[in-house]
Structures are given as C-alpha cells and as structure tokens.
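The lines below spell out each chain.
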Amino acid sequence: MEIHPIYSLTEPSHKEVFRLIRAESGISRAEIARRLGLQRSTVTYILRSLFERSLILECGTGKSTDRGGKKPTLVKVNDYEGYSVGYEQLLRKANIVITNLSGSVVVSETVPNGKNLRPNHKEWVQLAISNIHAFLKERSITQESVFGIGIAFPGLVDSKSGAVVYSVSPAFLDFPYLEILKKQIKVPAFIANDANAC
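Since this is a predicted model, take the numbers as computed values, not measurements. (Residues numbered from 1 in each chain as written. Predicted model: local features only at pLDDT ≥ 70, side-chain atom pairs only at ≥ 80, totals over all residues. Heavy atoms only, no water.)

## Here we look at unusual backbone geometry
Here is step 1: With a phi angle near 55°, serine 140 is a residue other than glycine that sits in the positive phi range.
Here is step 2: Secondary-structure assignment places serine 140 in the loop between helix 4 (123-138) and strand 7 (146-153).
Here is step 3: Residues other than glycine seldom take positive phi values, yet aspartate 174 does so here, at roughly 50°.
Here is step 4: Owing to a relative accessible area of 55%, aspartate 174 belongs among the exposed residues under this scheme. (Helix = DSSP H or I, 4+ residues; strand = E, 2+ residues; numbered from the N terminus. Buried < 20%, exposed > 50% of the residue type's maximum accessible area, 1.4 Å probe, protein only.)

## Examining the packing of helix 1 (residues 12-23) against helix 2 (residues 29-36)
Here is step 1: Two elements in contact, helix 1 and helix 2, have axes whose closest approach is 11 Å; the angle formed by their N-to-C orientations is 115°. For the pair helix 1 and helix 2, the sense of crossing is right-handed. Facing Glu16, Val17, Leu20 and Ile21 of helix 1, the residues of helix 2 in contact are Ile32, Arg35 and Leu36.
Here is step 2: Residues that form the contact of helix 1 with helix 2 fall into these classes: five nonpolar, no polar and two charged. (Axes fitted to C-alpha atoms, helices over the stretch in contact; angles between N-to-C directions. Left-handed = near helix turned anticlockwise from the far one by under 90°. Contact = heavy atoms within 4.5 Å. Nonpolar A, V, L, I, M, F, W, Y, C, P; charged D, E, K, R; others polar.)

## Looking at the side chain of histidine 14
Here is step 1: Structurally, the position occupied by histidine 14 is in helix 1.
Here is step 2: The exposure class of histidine 14 is buried, given its relative accessible area of 10%.
Here is step 3: Setting aside residues no more than four positions away along its own chain, histidine 14 makes contact with Leu9, Tyr45, Ile46 and Ser49.

## Here's the deal with the pairing of strand 5 (residues 93-100)
In summary, the side chains of a regular strand alternate between the two faces of the sheet.
Here is step 1: With seven bridges joining them, strand 4 (residues 83-89) and strand 5 adopt antiparallel strand pairing. Residue pairing across strands places serine 84 opposite threonine 99, the latter belonging to strand 5.
Here is step 2: In this structure, the hairpin formed by strand 4 and strand 5 is closed by a connection of three residues. (Pairing = 2+ DSSP bridges.)

All quantities given are derived from atomic positions and should not be read as evidence of function.
Structure representation (structure tokens):
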C-alpha cells in the first residue's frame, strides 16, 4: 500500500511550514516567511512541494499592506486529503473518532462490543479492526487516505513496543496488541493509556 503523502515530508523546513499552515485557517507566503525566518523563494519552493502532494490548497486572499498593492493569496491545509482514526477500547464499548488533516473532528461514535470476549485474546484486536473498517466504509473513506490510527486502552501500556502490559477491565497481560493489529491494517498505528490519549 502507498504511504500517505504526509510521511513524504522529510525535510525539517517542509514539516515546519506545514505545521504552521495547519495551525492557521489561512496564511500568506509572506507571513510564513516572516514567522519562520525563511526567504520568500524558499517558502515558494516548499509550498510548491506541498501543492504537488495535495496537502494544501489556496483559500482566498488576504488584506493588502498599508502601501497597497496586490492582495496576498492565502493557503490552508487540504482538510479532506487525509484522516486519522482514534479508537478507545473499553470493556463493553468502543469510542471511535475520525479527524481530518487539519485535526478537526469529522465524526465520532460509540459502538457496543455486542458480546463477551475472552480476556488476553486477539479477538479484541479483531473487533477493533472490524469496527474501524466498518466505520470507514460507512463514510466512504478509503484505508489509503488514513495516515494514522491511535488506540487508547485502559491500563498499563508500553507505547514503544505496542503492548498492553497490564489491564484489569478488560483483562490483559503482556498482550502484543499493535503487533497483531499491524498485520491486518497497513497504516501507521500507535497505542497509549486511555488517560494519556485524551
């Protein structure tokens, strides 16, 4: 599966410009250059790269300077060029949220588990995968447009290894949650304690 364009931003300056644009609802080239201390020619080059990846788009014009002249063109993040999924796994239900590329919530929903699952078993991961796939399909969002999945889980979680070290409800012990999930969902995924993920 092709990697989402956001992961092709490897240059620090490109990432910095994209983060600034993402934080604003519309910003001009001149303002980006001023805020980040970059040459305007450098900003133009970086924006061209972001446009080619469809990560940004033009969104109107700003105000002219006190000296007059042409109004500056503003740019913003292309909100629906990518999505992230948040999945909170609880004992009797799961909370799912989808955000767009600018970080705004597109939709959120609570899904009941529907049955009693065995503790410390990959059936929990299969349920998460099934719920996420169904949630995306209902909204005509392809897996290729998802650039990240965040799993929130109650209990002690090792975010580096992707394992649930210990959880009481549901009961887990040294369970390789992400290892199993990543075999079926080819999207960068992360896991954290549910309190830290909020």
